[in-house]
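# Structural overview
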Amino acid sequence: MLRRVMEFGWPVLGLAAAIGTWALAVVVFDVPEIVLPSPADVLDAFLRVPGYLLGEAVTTLVVIVLGFALAVAAGLLIGVAIAASRIVELMFSPLLVAFNAVPKVALAPLLVVWMGFGQQPKVVMALLVCFFPVVLSVAGGLTSTPVELVELARSLRASRTQTFLRFRFPSALPQIFVGLKVAMPLSAVGAVIGEFSAGDEGLGFVVVQSGANSDTALAFAAIALLGVMSVALFYALVLAERMLLPWVRETTSQR
């Protein structure tokens, strides 16, 4: 019981320390509100238009989830192809690495030209930003199956499909979830980048408009909401991992 309380207590304490340090820095250094609003100013900005901000947060949440879901689907397919064929790996891995190195912000105007304004370019941007970690984790997990499991599959005369479904894929799931947990916050980043360039709604659009209107507190309120959503989505993945992979915590060393 105490351990569970501490698991929730320490994050709350860390958040309180961060907010306290922020508030103290604003007071000690006498920072103007337009440069860095205090936590109280940010809360006031949220309470001024809570319905508006929550509505824009839902819009951004839909983009994040859609982009992430598409990245998972595409990442699984490409990761499996790379793991299954050495030729595919040699042909396309350099292209994937090169594409990942391209600044996605540079692609945002092109997505607007190709797809116009609206939800589609924002979802595609979220997909592009979080796609690579999924591919990498899937391919890496499937190609690092313990030797003893492969030998067991051979001794049982398992087919290639049976070996994949019953041995390689379950063994790769912990590493795949690592990639998913890296990709989820990146999907939020991609969604906001898309809203900066192609949006007339969403939290990214709120940040842009607030900056143009010198309403820094409202921009920080939107950023805080985005952070809350990202944390919630991340821990939803952590919970899914614990439910789907209960053996991982029992068979690995804990701090």
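Located above this text is the structure these notes cover.
Keep in mind that what you see is a predicted model, and the values were worked out from it rather than measured. (Residues numbered from 1 in each chain as written. Predicted model: local features only at pLDDT ≥ 70, side-chain atom pairs only at ≥ 80, totals over all residues. Heavy atoms only, no water.)

### Some points on the overall build of the protein chain
Filter applied, for reference: Elements are defined by DSSP. Helices are runs of H or I of four residues or more, strands are runs of E of two residues or more, and each kind is numbered from the N terminus. The contact criterion used throughout is that any non-hydrogen atoms of two residues lie within 4.5 Å. Working definition of accessibility: Shrake-Rupley area with a 1.4 Å probe, residue cover restricted to the visible protein chains.
Looking only at helices and strands, one finds 11 helices and 0 strands in the protein chain. Tracing the protein chain from N to C terminus, the helices and strands come up as α-α-α-α-α-α-α-α-α-α-α. Put simply, of all contacts in the protein chain between residues at least 6 apart along the chain, 73% involve residues at least 24 apart. On the protein chain, roughly 14,900 Å² of surface is accessible, and the fraction owed to carbon and sulfur atoms is 71%.

### A closer look at the packing of aromatic side chains
Where we set the bar: Each aromatic pair joins two rings of Phe, Tyr and Trp (for Trp, the six-membered one) with centres within 6.5 Å, and gets the label stacked for planes under 30 degrees apart, edge-to-face for over 60, and tilted for any other angle. When accessible area is computed with a 1.4 Å probe and restricted to protein chains, residues below 20% of their type maximum are described as buried, those above 50% as exposed, and intermediate ones as partly exposed. Geometrically, a charge over a ring is one whose NZ (Lys) or CZ (Arg) sits within 6 Å of the ring centre while staying within 35 degrees of the ring normal.
Summed over the entire model, instances satisfying the criterion amount to 3 aromatic pairs. Look at Phe164 and Phe169: their rings are 5.9 Å apart centre to centre, the planes differ by 40°, and that puts the pair in the tilted class. Note on Phe164: relative accessible area 24%, which makes it partly exposed. Residue classification places Phe169 among the partly exposed residues on the basis of a relative accessible area of 27%. Relative to Tyr235, the ring of Phe234 lies with its centre 5.3 Å away and its plane at 85°, an arrangement referred to as edge-to-face. Sitting over the face of the ring of Phe99, Lys104 holds its NZ or CZ atom 5.3 Å from the ring centroid.

### Considering unusual backbone geometry
Phi at Asp30 is positive, roughly 50°, even though this residue is not glycine. Locating Asp30 in the fold gives a position in the loop between helix H1 (2-28) and helix H2 (39-48). Classification of Asp30 by relative accessible area gives exposed; the value is 64%. Located in the positive-phi region is Ser214, a residue other than glycine, with phi close to 60°. Tracing the backbone through its elements, the reader meets Ser214 in the loop between helix H9 (203-212) and helix H10 (216-244).

### Considerations on the nonpolar core
Formally: Buried residues of nine kinds, namely Ala, Val, Leu, Ile, Met, Phe, Trp, Tyr and Cys, make up a nonpolar core once their side-chain atoms join them within 4.5 Å.
Ranked by internal contacts, the top residues of the largest apolar core, which has 45 residues, are Leu53, Ile64, Phe68, Leu180, Leu203 and Leu226. Elements represented by at least two residues in this core include exactly H2, helix H3 (50-84), helix H6 (119-142), helix H8 (160-198), H9 and H10. Ranked by the residues each element gives to this core, the list is headed by H6, at 11 residues.

### What to know about the layout of surface pockets
Put simply, the rule is: We place a 1 Å grid over just the protein atoms. Points where a 1.4 Å probe fits but has no way out form a cavity, open points with protein on both sides within 12 Å along at least 5 of 7 lines form a pocket, and any residue with an atom within 4 Å of a point lines it. Grid points are joined across faces, edges and corners, and a volume is the space filled by probe spheres set on the points. When residues are sorted by character, Ala, Val, Leu, Ile, Met, Phe, Trp, Tyr, Cys and Pro go into the nonpolar class, Asp, Glu, Lys and Arg into the charged class, and all the rest, Gly among them, into the polar class.
By volume, the largest pocket is sized at about 1,100 Å³. Forming the boundary of the largest pocket are 27 residues, of which Pro11, Leu15, Val228, Val231 and Tyr235 lie nearest the centre. At the level of secondary structure, the elements contributing two or more residues to the lining of the largest pocket comprise H1, H2 and H10. Ranked by residues supplied to the lining of the largest pocket, first place goes to H10 with 13 residues. Residue composition of the lining of the largest pocket, grouped by class: 22 nonpolar, 1 polar and 4 charged. By volume, the second largest pocket amounts to about 310 Å³. Forming the boundary of the second largest pocket are 14 residues, of which Ala84, Arg160, Thr163, Phe164 and Arg168 lie nearest the centre.

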